[in-house]
Every structure is written in C-alpha cells, then in structure tokens.
Amino acid sequence: NYLVIAGGGGGGAHFAGAGGAGGLLSSSATVVVQSYSIVVGAGGSGAAYSSPTGYNVGQNGGNSSFGAFATAVGGGAGGGRSSSLCPGQNGGSGGGGGNDFSNNVYPGTGVSGQGYNGGTAYNNAEPSAGGGGGGAGGPGGDGSPNTGGAKGSGVSNSISGTPVTYAQGGSGASMNVSGQAGGKT
C-alpha cells in the first residue's frame, strides 16, 4: 500500500483565500526489489501583507511522487486582494478565492480523485473575507462578512497503523493578515 500527498498551497494576503491541500493518492502496487524514486513536495509560501500594496497571492505546493505509480499535484495557493491576484489557484485541491470588492473572487479547482475545489470569497464592502482551501475530503467553505471560509475536510488513512486525517485545506482570512505556508506531509 502507498499514500502519496503533495505539499499544500500557501495562503494569500489581506481578505485572502486559504491554500488548498496537496493532492492525495492512496492505493496499492506490486513492486519488485529495486530502487524507486520518491519525491516529497514542499509546502507553498504564504503571501506577506504589507499595507497598502501587499495583497499578494500565495504559492502553489510542490508535487509528490512514488516512482511511476503515483504523482500527487501540489495544492493551489489562496488568492489575495488585488484584482489580478484574487482568484484561488488550481492544484491538487484548489485555493480559496480572495476579494477586491468587485470581481475575481472565484476559487481554484482541485484535481479529480486527489482533492476538491476551494471556497468563494465574500464579495462586498468591508468587512469581507476569503474562501477556505479545498481538502482531499471536501471543498473549502465560502467566505462571509468578516469570517473566512471553513477549511476543506481531509481524509482518514490508517497506513501508519492508526487512523490519521490527512490533507485538510486552510481556513480563509479577513483583513490585514499574511498568508501561512502550506503544509508538507
């Protein structure tokens, strides 16, 4: 059995969307005695907030892979506030949308079989908030007035011998915050 999880996406800054979880793949494979390439994707960097122009999008997480058997796609970054940076990014799970009070609040999409979409930002005058990042078990929640969208749920896996929940998305944020870095499993 194998469990491959990519790095999570980093969060955006200021009324920002959360990063999506890294893609998750779990299955079994027949192997022979030889070396296999294993790549562990790093979490994406979160965007720093610095008034008045630090409204940036985060960075996507890195891909993870196990030989030729599985490649999990890095999580999508959360959107920032600036109009060109608001959309959440696509990835294993999609990043949540950011907000500029007018448009481009949409989330990123997840990869089928690896994760879910991010949540949409609350698009209105202040107080506003970004969407949650998608997880391997469910989509990110939509933002609401002054409250970021809920994180997308992860999935439980017992490959370690006990059940552990993996690949949850991040929670969306309100104003004047910096994004957090994506996780690495």
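Quantities reported herein were computed from a predicted structural model and do not represent experimental measurements.

How should the overall build of the protein be read in this particular structure?
Broken down by element type, the protein carries 0 helices and 7 strands. Going residue by residue from the N terminus, the α and β elements of the protein occur as β-β-β-β-β-β-β. Residue burial in the protein is summarised as follows: out of 185 residues, 45% are buried. Residue pairs at least 24 apart in sequence account for 50% of intrachain contacts in the protein once pairs closer than 6 positions are excluded. Looking at the protein as shown, the accessible area adds up to about 8000 Å², and 48% of this sits on carbon and sulfur atoms.

Is there a simple way to think about the packing of aromatic side chains in this case?
Each pair of aromatic rings is reported with the distance of its centres and the angle of its planes. Going through the model one piece at a time under the given rule, you end up with 4 aromatic pairs. Seen in terms of ring centroids, Tyr36 and Phe66 are 5.8 Å apart; in terms of plane orientation they differ by 55°. Their pairing is tilted. Pair noted here: Tyr36 is in the loop between strand 2 (24-27) and strand 3 (38-39) and Phe66 is in strand 4 (residues 64-66), with a separation of 30 residues, a long-range link. Residue class for Phe66 comes out buried when judged on its relative accessible area of 16%. Ring centres of Tyr36 and Phe69 lie 5.8 Å apart, and the angle between their planes is 45°; on these two criteria the pair is classed as tilted. Linking Tyr36 in the loop between strand 2 and strand 3 with Phe69 in the loop between strand 4 and strand 5 (70-72), this pair joins segments that are 33 residues apart in sequence. By relative accessible area, Tyr36 is classed as partly exposed at 27%. Take Phe69: its relative accessible area is 33%, and that puts it in the partly exposed class. Of the aromatic side chains, those joined through ring pairs into one cluster are Tyr2, Tyr36, Phe66 and Phe69.

What exactly am I supposed to notice about the sheet that holds strand 5 here?
What links the strands of a sheet is backbone hydrogen bonding, and the strands pair in either a parallel or an antiparallel sense. Spatially, the 3 strands line up as an open sheet ordered 3-4-5, and their pairing is antiparallel. Looking along the sheet, the strands with just one partner apiece sit at the ends: strand 3 and strand 5. Summarising the sheet, strand 4 and strand 5 pair through 3 bridges and their orientation is antiparallel. Its bridge partner being in strand 5, Phe66 is matched across the sheet by Ala70.

I keep staring at the side chain of Ser64 and nothing clicks. Help me out?
Relative to the helices and strands, Ser64 resides in strand 4. Within the local environment of Ser64, its side chain forms a polar contact with the backbone oxygen of Ile5, the two atoms lying 2.8 Å apart. What Ser64 contacts, discounting residues up to four positions off in sequence, is Val4, Ile5, Ala6, Gly7, Val39, Val40, Gly41, Ala70, Thr71 and Ala72.

Cut-offs and rules
Residue positions are given per chain, counted from 1 along the sequence in the order it is written. Whole-chain, interface and lining totals are the exception, using all residues; otherwise, since this is a predicted model, local features are given only for residues with pLDDT of at least 70 and side-chain atom pairs are given and counted only at 80 or more. Working from all heavy atoms in the structure, the side-chain values ignore hydrogens and water. Only DSSP runs of H or I reaching four residues or more are called helices, and only runs of E reaching two or more are called strands; each is numbered from the N terminus. Note on classification: 1.4 Å probe, protein chains only; a residue is buried when its accessible area is under 20% of the maximum for its type, exposed when over 50%, partly exposed between these limits. Residues are treated as being in contact if the distance between any of their heavy atoms lies within 4.5 Å. Residue burial considers only the protein chains on display, and all accessible areas are found by Shrake-Rupley using a 1.4 Å probe. Only centres within 6.5 Å qualify two rings of Phe, Tyr or Trp (six-membered ring in Trp) as a pair; their planes then separate them into stacked at under 30 degrees, edge-to-face at over 60, and tilted for everything else. When DSSP finds at least two bridges between two strands, those strands are taken to pair. Under this definition, polar contacts are N or O atom pairs within 3.5 Å; protein pairs additionally need one hydrogen-donor-capable and one acceptor-capable atom, and for neighbouring residues in sequence, both atoms have to be side-chain atoms.

By themselves these figures say nothing about function.
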